[in-house]
Amino acid sequence: MFLVGLTGGIASGKSTVSSLLRELGCPVIDADVVARTVVEPQSPAYSLIVQHFGAEVLQENGEIDRKKLGHIIFANADKRRLLNSITHPEIHKAMFKQILLYFLKGYRYVILDVPLLFETRRLTRFLTHTVVVYCDPATQLSRLMQRDGLTQEEAGQRIAAQMPLNEKRGLASHVIDNSGSRDDTHRQVLRLHTKLEDSMEFLAVRAIAMATVAGLGGLLLYTVKLLVS
Ligand SMILES: CC(C)(COP(=O)(O)OP(=O)(O)OC[C@H]1O[C@@H](n2cnc3c(N)ncnc32)[C@H](O)[C@@H]1O)[C@@H](O)C(=O)NCCC(=O)NCCS
Ligand SMILES: Nc1ncnc2c1ncn2[C@@H]1O[C@H](COP(=O)(O)OP(=O)(O)OP(=O)(O)O)[C@@H](O)[C@H]1O
């Protein structure tokens, strides 16, 4: 199995692209969804968030008030780093468990939708392909303001909390330009899908896994022979 990293900037269209890939049958692990599960009440990350950010970031039902926490961390780089240091190890652990499940089910590849892929760099060494969903800065700003009901200043703050999209574009092995229409993006996604489906990288990984199993089997047999002789 091989891993494909899908990333981009805030509101550049990662979810739009990953939904299209899901519709085509690709397994996708969404780090934003995982990030919500690891901060559920009673989890270790939840306790640390309450300890460091106080009960004012909780809703009445005890769950994290994501809107409030977002306002705090996007306006303050130290607080953002603190939240990242609490959540990221838990997110990565949970993602690795999901990857393992897909591996055991026999999937040839898995797509990891991770907004901060190039900022944290923790996962990049495991990836065979990296895909950046790009859109031009003006489009990104207006889509973000519209979707999340943010002022220009708030949206600008959130964009500035990430590596510039142009820089991310230069690091990717594949770019999807989502500045245009949804149909245009759809066509690019179909091309990417064909590329992934035709990819043979999984064969190399499978060969290594089989060689390791065969090697271990041989070693076991040799040990048993030694013991009984
Ligand atoms: C700040 C939080 C509470 C805001 O929650 P909310 O539901 O409003 O937004 P959501 O989680 O859907 O994130 C929306 C987008 O914001 C951006 N974003 C989220 N966290 C961060 C961060 N720490 N730094 C920079 N950008 C971020 C990403 O592009 C993401 O796709 C939440 O994003 C969070 O807990 N972030 C820390 C964990 C994290 O880094 N998640 C990103 C996936 S690795
Ligand atoms: N090609 C497009 N044309 C018009 N609107 C689009 C297009 N692509 C995405 N959008 C809209 O732009 C917004 C951002 O897209 P999307 O939610 O897919 O981005 P994202 O990268 O997943 O965001 P986040 O980083 O916040 O998770 C959404 O409201 C979406 O409906």
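Residues numbered from 1 in each chain as written. Chains lettered and ligands numbered in written order. Predicted model: local features only at pLDDT ≥ 70, side-chain atom pairs only at ≥ 80, totals over all residues.

Asker: How should the overall build of the chain be read in this particular structure?
Answerer: When you go through the chain residue by residue, the secondary structure sums to 11 helices and five strands. When its C-alpha atoms are laid out on the principal axes, the chain stretches across 75 × 45 × 30 Å. Taking as baseline every contact in the chain between residues at least 6 positions apart, the subset at least 24 positions apart corresponds to 75%. (Helix = DSSP H or I, 4+ residues; strand = E, 2+ residues; numbered from the N terminus. Contact = placed C-beta atoms within 7 Å.)

Asker: What exactly am I supposed to notice about the environment of Leu127 here?
Answerer: Relative to the assigned elements, Leu127 resides in strand 4 (residues 127–134). By C-beta crowding, Leu127 is classed as partly exposed, having 17 other C-beta atoms within 10 Å. (Buried ≥ 20, exposed ≤ 12 C-beta atoms within 10 Å, placed from the backbone.)

Asker: Explain the site of ligand 2 here, please?
Answerer: Around ligand 2, the structure places 16 residues, and the nearest of them are Lys14, Ser15, Thr16, Arg143 and Arg147. Elements with a minimum of two residues in the shell around ligand 2: helix 1 (14–23), helix 7 (137–148) and helix 10 (182–198). If one sorts the elements of the shell around ligand 2 by residue count, helix 1 sits on top with three residues. (Near = placed C-beta within 6 Å.)

Asker: Please explain the domain arrangement of the chain as it appears in this structure.
Answerer: Size of an interface: often given as the accessible area lost when the parts come together. Taken as a whole, the chain is organised into domain 1 (2–198) and domain 2 (200–229). The gap between the C-alpha centroids of domain 1 and domain 2 is 38 Å. (Domains from an automatic or database assignment.)

Asker: Explain unusual backbone geometry here, please?
Answerer: Excluding glycine, residues mostly have negative phi values, and the peptide bonds linking residues are mostly trans. Residues other than glycine seldom take positive phi values, yet Gln42 does so here, at roughly 85 degrees. Mapping Gln42 onto the fold places it in the loop between helix 2 (31–37) and helix 3 (44–53). Taking the C-beta count within 10 Å as the criterion, Gln42 has 7 such neighbours and is therefore assigned exposed. Even without being glycine, Arg121 reaches a positive phi, approximately 65 degrees. As for its position among the elements, Arg121 is in the loop between helix 6 (117–120) and strand 4. For Arg121, a count of 10 C-beta atoms within 10 Å translates into the label exposed.

Asker: Looking at this model, I keep getting lost on helix 7. Mind explaining?
Answerer: The periodicity of an α-helix, 3.6 residues per turn, causes residues three or four places apart in sequence to face the same way. An ideal rise of 1.5 Å per residue puts 16 Å on 12 residues; helix 7 measures up with 16 Å between its terminal C-alpha atoms. Following helix 7 by one or two positions, Gly149 adopts a phi angle in the positive range, close to 60 degrees. (Expected span 1.5 Å × (residues − 1).)

Asker: I keep staring at the site of ligand 1 and nothing clicks. Help me out?
Answerer: Within the structure, ligand 1 sits among 18 residues, and Ile10, Ala31, Arg66, Gly70 and Pro115 are positioned closest to it. If you list the elements that add at least two residues to the shell around ligand 1, you get helix 2, helix 4 (66–74) and helix 5 (77–104). Residue contributions to the shell around ligand 1 peak at five residues, all from helix 5. Its residues assigned to classes, the shell around ligand 1 shows 11 nonpolar, four polar and three charged. (Nonpolar A, V, L, I, M, F, W, Y, C, P; charged D, E, K, R; others polar.)

Asker: Teacher, can you tell me more about the sheet that holds strand 1 (residues 2–8) here?
Answerer: Two pairing modes exist for strands in a sheet, parallel and antiparallel, and in both the strands are linked by backbone hydrogen bonds. Taken in spatial order, the five strands line up as 2-3-1-4-5 in an open sheet, and their pairing is parallel. One side of each edge strand has no neighbouring strand; the edge strands of this open sheet are strand 2 (28–30) and strand 5 (174–177). Along the sheet, successive strands turn relative to each other by an average axial angle of 20 degrees, direction set aside. As judged from the three bridges shared by strand 2 and strand 3 (residues 109–113), these two strands associate in the parallel manner. Along strand 3, the bridge assignment pairs Val28 with Ile111. Sheet strands touched by helix 1: strand 1, strand 2, strand 3, strand 4 and strand 5. Its angle to strand 1, the strand with the most contacts, is close to 145 degrees. (Pairing = 2+ DSSP bridges. Axes fitted to C-alpha atoms, helices over the stretch in contact; angles between N-to-C directions.)

Asker: Hey, could you run me through the packing of helix 3 against helix 5 in this one?
Answerer: Any two packed helices are characterised by the angle at which their axes cross and by the distance between the axes. One way to put it is that helix 3 packs onto helix 5 with a least axis distance of 9 Å and a crossing angle of 175 degrees. Accordingly, the angle class assigned to the pair helix 3 and helix 5 is roughly antiparallel. Facing helix 3, whose interface residues are Pro44, Ala45, Leu48, Ile49 and His52, helix 5 presents Leu82, Ile86, Thr87 and Glu90. Residues belonging to the contact of helix 3 with helix 5 are distributed by class as follows: six nonpolar, two polar and one charged. (Parallel < 35°, antiparallel > 145°, perpendicular 65-115°, else oblique.)

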